[in-house]
Amino acid sequence: MTSRQPTLKLKSQQLNTLINVIKQRGYTPVGPVVREGSLIYDRLNSADELPRGWTDEQDAATFRLKRRSDNAYFGYNVGQHSWKQFLFLPKVKLFTSIKKGKTFEVIPNSPHEIVQNYAFIGVRPCDLQAIKVQDLVFNNGQFTDPLYKTIRKKNFIAVVNCTQAGGTCFCVSMSSGPRAYRGFDLAMTEVLSGDDHFFTVEVGSKSGAEVMSEIPHDIADQTQIETADKLVERAARQMGRSMDVKDIKEILYANLENKSWDDVANRCLTCANCVMVCPTCFCSTVEDITDVTGEHAERWRRWDSCFTMDFAKVFGGNFRPSSKGRYRQWMTHKLATWIDQFGTSGCVGCGRCITWCPVRIDITEEMRTIRSGAR
Ligand code: SF4
Ligand code: SF4
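Note that the structure is a prediction, hence the values are computed from the model and not measured.

K.L.:
What should I look at first to understand the sheet that holds strand 15 (residues 284-290) in this one?
P.N.:
The strands making up a sheet are joined through hydrogen bonds of the backbone, oriented either antiparallel or parallel. Read from one edge of the open sheet, 4 strands run 7-6-16-15, paired in antiparallel fashion. Strand pairing shows two members of the sheet lacking a second neighbour, strand 7 (103-108) and strand 15, which therefore form its edges. Looking at each pair of strands side by side, their axes are set apart by 20° on average, direction ignored. Strand direction decides the pairing type here: strand 6 (residues 91-100) and strand 7, joined by 6 bridges, are antiparallel. Counterpart to Lys-100 in the pairing with strand 7 is Thr-103.

Listed below in structure tokens is the structure:
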């Protein structure tokens, strides 16, 4: 979109219409839902499935859902899921190999058989930034993952700006939230003001404009825009965590032998929870599977992590056998080498790795410790 569009106002009752229009346009809507006491992303049939009236409490190794005093649709932050599971699939078959006489026929998996036209509803600004970070990894000219590229091409993104921050959020430090400025089809801010419950809506693409043209809406007035802006500003002041990113790359490079790596290694279980929940981590491995007849084989790609023992196993041994080396690799990649590789931090400040680490390891605290004792 080139020209600036006016901010729109969508009544909360029209959220269902939005989902229906998105479905009618051939997308599969996916959004946050409550399952087994947690928040996950799943297919949405209607706005009634959103976690209306729920909020989350988050801290190190703590996630709890509790009831809100109002009926906000998006009155929480993020759960353990991220959108990466729909774009960079946790497990995908790459090809099948079938024995034909004395040779094998290799049948590649067509991305088009797997791809869904996903419409992501309720993307948080930090997670939008994470998608942009993964675009640099998987859809970057010379190095393109065909499956990721095909899914992203058909992807509709409806952001919901944050109006409250969680206990482990630090998107302000990473300049990734709590408001999204570009890279979306629609960006909404939820406002509950007395009996008035509505969303201000910014249109960010032609697809977003087409969707909105099919839904009854108004142009937001200045008071409504200012009310929404104030809620987002409040979220920015509520960050539960912070990280000083000044000279972060240089500090980490100069402190590869800092004694704090030994301390964190004594606590880290190398369970890889932090990697699985991180919306930007992208390591994978490939596995070959054969049947007992030896006539049918498949190659699969699945998520892996720099914390697993086998990840650094090569001919001749394992080049990263210690948990100290593995934690240092993960954190230094996130906050330093990622910048050299992709021109951006690998951390968007979503806080998931802090919430879901079973032993309360906190990337913001670890960075603070290294900075304070930096050589
Ligand atoms: S930092 Fe925490 S979540 Fe990550 S591997 Fe270590 S123990 Fe697991
Ligand atoms: S490193 Fe932690 S806070 Fe940063 S993006 Fe990954 S999960 Fe979120």
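K.L.:
I keep staring at the packing of aromatic side chains and nothing clicks. Help me out?
P.N.:
Two aromatic rings are characterised by how far apart their centres lie and by the angle between their planes. As enumerated under the stated definition, the model contains 21 aromatic pairs in all. Between Phe-307 and Trp-330, the ring centres sit 6.0 Å apart and the planes meet at 50°, which makes this aromatic pair tilted. Of this pair, Phe-307 sits in the loop between strand 16 (296-303) and strand 17 (313-314) while Trp-330 is found in helix 11 (residues 323-342), placing the two residues 23 residues apart along the sequence. There is no split in this pair, since Phe-307 and Trp-330 are both buried. Linked through ring pairs, Phe-88, Phe-138, Tyr-148, Phe-282, Trp-303, Trp-338 and Phe-342 together constitute an aromatic cluster. Positioned above the aromatic ring of Trp-303 is the side chain of Lys-84, whose terminal nitrogen or guanidinium carbon lies 4.6 Å from the ring centre. Its end group placed over the ring of Trp-300, Lys-91 keeps NZ or CZ at 4.9 Å from the ring centre.

K.L.:
Teacher, can you tell me more about the environment of Thr-290 here?
P.N.:
Within the secondary structure, Thr-290 sits in strand 15. For Thr-290, a relative accessible area of 60% translates into the label exposed. Expressed as a C-alpha distance, the spacing of Thr-290 and Ser-97, which sit 193 residues apart in the sequence, is 9.1 Å. Those residues in contact with Thr-290 that sit more than four places away from it in its chain are His-296 and Ala-297.

K.L.:
Explain the domain arrangement of the chain here, please?
P.N.:
Along its sequence, the chain is carved into domain 1 (8-237) and domain 2 (248-372). Of note, the centres of domain 1 and domain 2, computed from C-alpha atoms alone, are 25 Å apart. Facing 44 residues of domain 1, the contacting portion of domain 2 comprises 40 residues. When the area that domain 1 buries against domain 2 is broken down by residue, the three leading residues are Lys-84, Phe-88 and Phe-170, summing to 16%. Across the contact surface, domain 1 and domain 2 share 3 salt bridges. Lys-93 is the partner of Glu-298 in a salt bridge, and the nearest nitrogen-oxygen pair spans 3.8 Å. Connecting domain 1 to domain 2 are 26 residue pairs in polar contact (both at pLDDT 80 or more).

So, how was this worked out
- Every chain's residues receive numbers from 1 upward, in the order its sequence appears when written.
- Lettering of chains starts at A and numbering of ligands starts at 1, both following the order in which they are written.
- Confidence filtering applies because this is a predicted model: local features only for residues at pLDDT of at least 70, side-chain atom pairs given and counted only at 80 or more, and all residues used for totals across whole chains, interfaces and linings.
- The side-chain figures draw on all heavy atoms in the structure; neither hydrogens nor water molecules are used.
- Two strands pair if DSSP finds at least two bridges between them.
- A helix here means a DSSP run of H or I that spans at least four residues, while a strand means a run of E at least two residues long, and both kinds are numbered starting from the N terminus.
- Axis definition: a line fitted to C-alpha atoms, over the contacting stretch in the case of helices. Angles run 0 to 180 degrees between N-to-C directions.
- Stacked, tilted and edge-to-face are the three classes applied to pairs of Phe, Tyr and Trp rings, where Trp contributes its six-membered ring and a pair requires centres within 6.5 Å; stacked means planes under 30 degrees apart, edge-to-face means over 60, and tilted covers the rest.
- Burial classification: accessible surface area is computed with a 1.4 Å probe over protein chains only, and a residue below 20% of its type maximum counts as buried, one above 50% as exposed, and the rest as partly exposed.
- Placement of a positive charge over a ring is assigned whenever Lys NZ or Arg CZ falls within 6 Å of the ring centre and within 35 degrees of the normal to the ring plane.
- Throughout, a contact is declared for two residues whenever any of their heavy atoms are within 4.5 Å.
- Throughout, the edges of the domains are those of an automatic or database domain assignment.
- Note on terms: buried area is the combined drop in 1.4 Å-probe accessible area of two parts once they are placed together, counting the loss on both.
- The rule for a salt bridge is simple: a side-chain nitrogen of Lys or Arg has to be within 4 Å of a carboxyl oxygen of Asp or Glu.
- What qualifies as a polar contact is a pair of N or O atoms within 3.5 Å, subject to a donor-acceptor requirement within protein and to the restriction that residues adjacent in sequence count only when both atoms come from side chains.

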